[in-house]
Each structure stands twice: as C-alpha cells, then as structure tokens.
Amino acid sequence: MKKAVRRKAVKILSRRESVPKGVKVISVLYYIGAVLSFVSALAFLVIGIWILINPSASLQFNSLMRGLSATFGSDIAFFKAFLIIFGVILAAIGTLDLFIARGLVKGKAWTRIVVVLISAFGFLSSLSSLVGGDLKEIFGLVISGAIFGYLSFSHSVRKFFR
C-alpha cells in the first residue's frame, strides 16, 4: 500500500515539474482572461446596481441613456437588468477561465479538450471575419491556430495530458 501511494506521489510531483512551456503560457493567458473577466464583471455589476438603486444616477448617465434608448427602446429597466445579467455572465466566464488555467497546469485532459474546442471556434470565427474583410482578425487567427495546433498535435503535450 505504501509503495502505491509513494509511486502516485512521485508521479504527481514529476508531472508538476514537466509541464510543457507552451501549456504554461496558455495557462497564463487564461489566468489573465479570468482577471479581466472578473474586473469587467465587477464594473458591470457595480454600475448596474448603482443605477438600479440610485434613481438620480440615471440622470447622470442621461446622454448615455438617450443613446441607448435607440438600441433598447424606452425600456431603460431592461438596460439596468442587462448590466447586472452581463456582469454575472462575465463572472461565470472568469470562473471557467480559472478552472481551465488551473486544469492546464495540472494536466487535466478535459481542459485540453475544452481549450482545443475554444481555439477551433476562435480560428473559424476569425477566418470568417477575415474573409469578410476585417484584417485585424489575422491576430486572432494566428493565436487561435497556434493554440489549436500546439494542443492537438504536439506529442509532448498529448503525453502530458494522459
């Protein structure tokens, strides 16, 4: 029993040391995305709740509200709810990014699959925008393609995620 536990501990420790550098970089990108999602979520939630609680706040955002009334119609209450709901969605995305970043470093197979799917979707989305004439999408195409190719076809990465 002790040998099995010792072998498992050695395997876990050796795996932690042998994280491929590219996986570490992708993990850092997901950590950065999580922080940005949380900061954005906090901003949307604070503004949404502030406008909801403080009726005079709507007057301070009067020019913004007039511009948004063309988009949302006269239903400003929908806009207030939209801010809060979007903040909650961004917080959920940030949480998912944290789990993905941590799972990448720990070698969880499900995170590799999720990131491959996300990068494939990003590649196809950037490609369709690029075909539509949006030349700035070349960066998204290259980054998504590199992540997809690296996590899909690198033997050391595939071995790490077993």
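Residues take numbers from 1 onward in each chain, read along the sequence in its written order. Predicted model: local features are reported for residues with pLDDT of at least 70 only, side-chain atom pairs are reported and counted for 80 or more only, and whole-chain, interface and lining totals are derived from all residues. Values reported for side chains reflect all heavy atoms of the structure, with hydrogen atoms and water molecules removed beforehand.

Enquirer: Would you mind showing me how to read the overall build of the protein chain here?
Expert: When helices and strands are tallied, the protein chain shows 8 helices and 0 strands. In the protein chain, the succession of α and β elements from N to C terminus is α-α-α-α-α-α-α-α. For the protein chain, long-range pairs separated by at least 24 residues make up 68% of all intrachain contacts whose partners lie at least 6 apart in sequence. Working note: accessible area of the protein chain is about 10900 Å², and carbon and sulfur atoms make up 72% of it. Here a helix means four or more residues in a row that DSSP labels H or I, a strand means two or more in a row labelled E, and each is numbered from the N terminus. Whether two residues touch is decided by their heavy atoms; if any such pair falls within 4.5 Å, the residues are in contact. For every accessible area listed, the method is Shrake-Rupley and the probe measures 1.4 Å; residues are considered covered only by the protein chains on display.

Enquirer: I keep staring at the packing of aromatic side chains and nothing clicks. Help me out?
Expert: How two aromatic rings sit relative to each other is given by the distance of their centres and the angle of their planes. Aromatic pairing here means that ring centres of Phe, Tyr or Trp (its six-membered ring) are within 6.5 Å. Orientation follows from the plane angle: under 30 degrees is stacked, over 60 is edge-to-face, and everything else is tilted. Tallying each qualifying case throughout the model produces 4 aromatic pairs. For the ring pair phenylalanine 44 and phenylalanine 86, a centre distance of 4.9 Å and an interplane angle of 75° mean the geometry is edge-to-face. Placement of the pair is phenylalanine 44 in helix α2 (residues 21–53) and phenylalanine 86 in helix α5 (residues 76–106), with a sequence separation of 42 residues. Working definition: with a 1.4 Å probe on protein chains only, accessible area under 20% of the residue-type maximum means buried, over 50% means exposed, and in between means partly exposed. For phenylalanine 44, a relative accessible area of 26% gives the class partly exposed. Residue classification places phenylalanine 86 among the partly exposed residues on the basis of a relative accessible area of 30%. Among the aromatic residues, those joined into a cluster by ring pairs are Phe44, Phe82 and Phe86.

Enquirer: Before we go on, may I ask you to explain the nonpolar core in this structure?
Expert: In these notes, a set of buried Ala, Val, Leu, Ile, Met, Phe, Trp, Tyr and Cys residues joined through side-chain atoms within 4.5 Å is what counts as a nonpolar core. Counting residues in hydrophobic clusters, the biggest one holds 14 residues, and the most contacted among them are Val23, Ile26, Tyr30, Leu104, Val115, Leu151 and Phe161. If you list the elements that add at least two residues to this core, you get α2, α5, α6 (109–131), α7 (138–153) and α8 (155–160). Setting aside anything within four residues of it in sequence, one finds tyrosine 30 in contact with Asp97, Ile100, Ala101, Leu104, Val115 and Ile118.

Enquirer: What exactly am I supposed to notice about the packing of α2 against α7 here?
Expert: Helix packing for two helices is described by the angle between their axes and how far apart those axes are. Lines fitted to C-alpha atoms define the axes, with helix axes restricted to the stretch in contact, and inter-axis angles between N-to-C directions lie between 0 and 180 degrees. Here α2 crosses α7 at 135°, and the two axes come no closer than 11 Å. Taken as axis vectors, α2 and α7 run oblique relative to one another. Note on packing geometry: the crossing formed by α2 with α7 is left-handed. Mapping the contact onto sequence places Lys21, Gly22, Val23 and Ile26 in α2 and Ile147, Tyr150 and Leu151 in α7. Here the angle decides the label: under 35 degrees means roughly parallel, over 145 means roughly antiparallel, 65 to 115 means roughly perpendicular, and every other value means oblique. In a left-handed crossing the near helix is turned counterclockwise from the far helix by less than a right angle, and in a right-handed crossing that turn is clockwise.

Enquirer: Explain α6 to me, please; I cannot follow it from the model alone.
Expert: Since one α-helical turn is 3.6 residues long, residues separated by three or four positions face the same way. What a helix is expected to span follows from its residue count: subtract one and scale by 1.5 Å. The first and last C-alpha atoms of α6 sit 33 Å apart over 23 residues, in line with the 33 Å expected at 1.5 Å per residue. Considered for burial, the residues of α6 that qualify are Thr111, Arg112, Val115, Val116, Ser119, Gly122 and Ser126. In the stretch just after α6, glycine 133 is the one whose phi turns positive, near 105°.

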